[in-house]
Amino acid sequence: MTSLIPQAYYWARSADFPDGHMTIVQVSTIFGAHPDYWTLAVIGSDQHHMISDFELVALVNPPDDHPLKQAAE
């Protein structure tokens, strides 16, 4: 993957799980809008990681009939 989409979700492999364990991460702009400040937020936690900590495998496309909503909606 060469370019990331802010706030998008990706399937990713962490260097901490060499057995191929995959998780979903979100490109976070919480630390700044410039790509140099982007991090990856692990879904279901409050953890943010450097982009280099993960191998991004594929963009997650939500089903058309179930749009993603924020928890407060």
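Refer to the structure printed above.
In short, a report on the structure. Treat the numbers as computed from the prediction; the structure is a model and nothing was measured.

What counts, and at which threshold
Residue numbers run consecutively from 1 along every chain, following the written order of its sequence. pLDDT decides what is reported in this predicted model: residues at 70 or higher carry local features, side-chain atom pairs at 80 or more are listed and counted, and totals for whole chains, interfaces and linings draw on all residues regardless. Excluding hydrogens and water, the side-chain figures rest on all heavy atoms present in the structure. Helical segments are the DSSP runs of H or I of at least four residues, strand segments are the runs of E of at least two, and each set is numbered from the N terminus. The rule is simple: take the accessible area with a 1.4 Å probe, protein chains only, and divide by the maximum for that residue type; under 20% is buried, over 50% is exposed, in between is partly exposed. For this analysis, residues touch if any pair of their heavy atoms sits within 4.5 Å. Accessible surface is estimated by sampling points in the Shrake-Rupley manner with a 1.4 Å probe; for residues, cover comes only from the protein chains shown. Think of a 1 Å grid over just the protein atoms. A cavity is a set of points where a 1.4 Å probe fits yet cannot get out, a pocket is an open set with protein on both sides within 12 Å along at least five of seven lines, and lining residues have an atom within 4 Å of a point. Grid points are joined across faces, edges and corners, and a volume is the space filled by probe spheres set on the points. Residues are grouped as follows: Ala, Val, Leu, Ile, Met, Phe, Trp, Tyr, Cys and Pro are nonpolar; Asp, Glu, Lys and Arg are charged; all remaining types, including Gly, are polar. A pair of strands counts as paired when DSSP detects no fewer than two bridges linking them.

### Considerations on the overall build of the protein chain
Here is step 1: When helices and strands are counted, the protein chain shows zero helices and five strands.
Here is step 2: Counting all 73 residues of the protein chain, 22% fall into the buried class.
Here is step 3: Within the protein chain, counting contacts between residues at least 6 apart in sequence, those at least 24 apart form 35% of the total.
Here is step 4: Surface summary for the protein chain: the accessible area is close to 5,400 Å², and the carbon and sulfur share equals 55%.

### Things to note about the layout of surface pockets
Here is step 1: By volume, the largest pocket is sized at about 150 Å³.
Here is step 2: Ser14, Ala15, Asp16, Phe17, His21, Thr23, Val42, Gln47, His49, Asp53 and Phe54 together form the lining of the largest pocket.
Here is step 3: Within the lining of the largest pocket, the residues separate by chemical class into four nonpolar, five polar and two charged.

### Remarks on the pairing of strand β1 (residues 9–14)
Here is step 1: Burial of β1 is one-sided: the residues Tyr10, Ala12 and Ser14 facing one way are buried, the residues Tyr9, Trp11 and Arg13 facing the other way are not.
Here is step 2: Bridging between β1 and strand β2 (residues 22–28) involves five bridges; their strand directions are antiparallel. Considered in β2, the bridge of arginine 13 is made with methionine 22.
Here is step 3: In this structure, β1 lies alongside strand β5 (residues 54–59), joined through five bridges in antiparallel fashion. Paired with tryptophan 11 across the strands is alanine 58, a residue of β5.

### Quick notes on unusual backbone geometry
Here is step 1: Positive phi, close to 70 degrees, is recorded for glutamine 7, a residue that is not glycine.
Here is step 2: Summarising the element assignment, glutamine 7 is placed in the segment before β1.
Here is step 3: Residue classification places glutamine 7 among the partly exposed positions, given a relative accessible area of 39%.

### Quick notes on the sheet that holds β5
Here is step 1: Taken together, the five strands give an open sheet; going across it, the order is β4-β3-β2-β1-β5, and neighbouring strands pair in antiparallel fashion. The open sheet terminates on both sides in strands that have one partner only, identified here as β4 (48–49) and β5.

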